[in-house]
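# Examining the three-dimensional arrangement
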Amino acid sequence: MKAVTWHGKRDVRVDEVADPAIKEPTDAIVRITTTAICGSDLHLYEVLGPFIGEGDVLGHEPMGIVEEVGADVSHISVGDRVVIPFNISCGHCHMCDMKLFAQCETTQVREQGTGAALFGYTKLYGEVPGGQAEFLRVPQAQFGPIKVPEGPPDERFLYLSDVLPTAWQAVEFADVPEGGSVTVLGLGPIGQMAARIARHRGRQVVGVDLVPERLEMARRHGIEVVDGARTGNVPEAIRDMTGGRGTDSVIEAVGMEAHGSPFGKLAHTITGFVPDRAAAPLMSRMGMDRLAALHDAIEIVRRGGTISIVGVYGGMTDPLPMLQMFDKGITLRMGQAHVKRWIDDLMPLLTGDGDPLGVEDLATHKLPLDRAPHGYEIFQKKKDGAIKVLLNP
């Protein structure tokens, strides 16, 4: 089969790889009809090379048609249309019983000290072959796959794999009070959907980004925006909009590759020149993120407010302004999305009348799988108005 594989920094290719096969009675094989490039994939493209092997299959936002199921899989059948959550969880361990599916004890990658295994996402998360491919082996298929109805286009449901539950959890964790306000830092796919979900739930939403196309997309969905490229002091601008207090909550949807963090950028650059064998332990013990967005979040949130961190971080020695955080009484919540926890909340918004979250207005590019390298390039460089790139095997 054809699959998108990693070959080095900014080097992804479409290769012929072995077809997947059932290995466990809890497996399924899914023929992929649509898959997506995630902002997290760009971390593999740029930063996390020391943790990934050449030829590893990428991708963790797929959907498709069930081709085969193992003996212990009964809730889906051959021919069903399914979305595959990006985290692999069993549904019956202690953590899954608590609905902390991203911490599943059955698939935890204990040798790395990390949570549940993820599709297509480095040795840190199990090095499970990903979904930017023609076919995908799905472990723990007795629980994971989400059956969706026939009829609407794939992009109506595709984002249940990651974008929508991640954005929904970001809003839940932000704990925005009834009638309250929230700033969304970063208007990539997760930030766009988090802003739309918060607005759908009746909150005042301010979106912040540097990219004109992202700002315009947010405006189309009724989001008040601040252009970080034209606003000298974003926290001050948002305090001016909120009676000097700041918003009740902030959703930080930028993460480790924030602009305006020269020391963090230098650390990333230096690590990029270190051989992988040495870089992996260096990053695991001493990694440093670019923290401009998180520092802005701490400045923006009102006293006693909540910051929900949904942007991915990977540093182990990140300096934080603890005096300011303690003095303001800030609550921090964060973590990988517990995808299946939020599906019952989201599904009625996708299967009912209309499109209240505008899921069919998110993808800016739809490309054949063969053009995945181009998709990665334009997404990483923010060229050609790329906000969300879908691939069709």
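Below, the structure is looked at part by part.

This paragraph deals with the nonpolar core. Where a protein is soluble and globular, its nonpolar side chains tend to be buried together. In this structure, Tyr159, Leu160, Leu164 and Ile251 are the most contacted members of the largest nonpolar core, which totals 73 residues. The element that contributes the greatest number of residues to this core is helix α4 (residues 163-174), accounting for seven residues. Not counting chain neighbours up to four residues away, the residues in contact with Leu160 comprise Val83, Ile146, Val148, Pro165, Val339, Ile343, Leu346, Met347 and Leu350. Counting 17 residues, the second-largest nonpolar core is a separate cluster that includes Ile238, Ile300, Val301 and Ile330.

The final tally for this structure, using the stated rule, is 21 salt bridges. Of the charged contacts in the structure, one is a salt bridge between Glu216 and Arg219, with a shortest N-O distance of 3.6 Å. In this pair, Glu216 and Arg219 both sit in helix α6 (residues 212-220), three residues apart, roughly one turn of the helix. Overall, the relative accessible area of 39% leaves Glu216 in the partly exposed class. Note that Arg220 is salt-bridged to Asp361, the shortest N-O span being 2.9 Å. Of the two residues, Arg220 sits in helix α6 while Asp361 sits in the loop between α12 (343-351) and β14 (365-368), which places them 141 residues apart along the sequence. Exposure remark for Asp361: the relative accessible area of 24% places this residue in the partly exposed category. Among the charged side chains, a network of salt bridges with common partners joins Glu377, Lys381 and Lys383.

Under the definition given, this model contains three cavities of 30 Å³ or more. Within this model, the largest cavity holds a volume of roughly 60 Å³. By volume, the second largest cavity is sized at about 40 Å³. In terms of lining residues, the second largest cavity is bounded by Thr166, Gln169, Ala170, Phe173, Ser308, Ile309, Val310 and Gly335. Breaking the lining of the second largest cavity down by element, the ones donating at least two residues are α4 and β12 (306-309). With four residues, the single largest contributor to the lining of the second largest cavity is α4. Residue composition of the lining of the second largest cavity, by class: four nonpolar, four polar and no charged.

What the six strands build is an open sheet, ordered β10-β9-β8-β11-β12-β13; its pairing is parallel. The sheet is open, and its two edges are formed by β10 (224-227) and β13 (331-334), each paired on a single side. Adjacent strand axes in the sheet meet at a mean angle of 20°, parallel and antiparallel pairs treated alike. With four bridges connecting them, strand β9 (residues 204-209) and β10 associate as parallel partners. Counted as the bridge partner of Val206 is Glu224 from β10.

As a volume, the second largest pocket reaches approximately 230 Å³. Lining the second largest pocket are 14 residues; nearest its centre among them are Ala18, Pro20, Lys23, Pro129 and Arg137. Residues of the lining of the second largest pocket, tallied by class, amount to ten nonpolar, one polar and three charged.

What counts and how
Residues numbered from 1 in each chain as written. Predicted model: local features only at pLDDT ≥ 70, side-chain atom pairs only at ≥ 80, totals over all residues. Heavy atoms only, no water. Core = buried A, V, L, I, M, F, W, Y, C linked by side-chain atoms within 4.5 Å. Buried < 20%, exposed > 50% of the residue type's maximum accessible area, 1.4 Å probe, protein only. Helix = DSSP H or I, 4+ residues; strand = E, 2+ residues; numbered from the N terminus. Contact = heavy atoms within 4.5 Å. Salt bridge = Lys/Arg side-chain N within 4 Å of Asp/Glu carboxyl O. 1 Å grid on protein atoms, 1.4 Å probe; cavity = no way out; pocket = protein on both sides within 12 Å on 5 of 7 lines; lining within 4 Å. Points joined across faces, edges and corners; volume = space filled by probe spheres on them. Nonpolar A, V, L, I, M, F, W, Y, C, P; charged D, E, K, R; others polar. Pairing = 2+ DSSP bridges. Axes fitted to C-alpha atoms, helices over the stretch in contact; angles between N-to-C directions.

Functional significance is not addressed by these values, which are geometric in nature.
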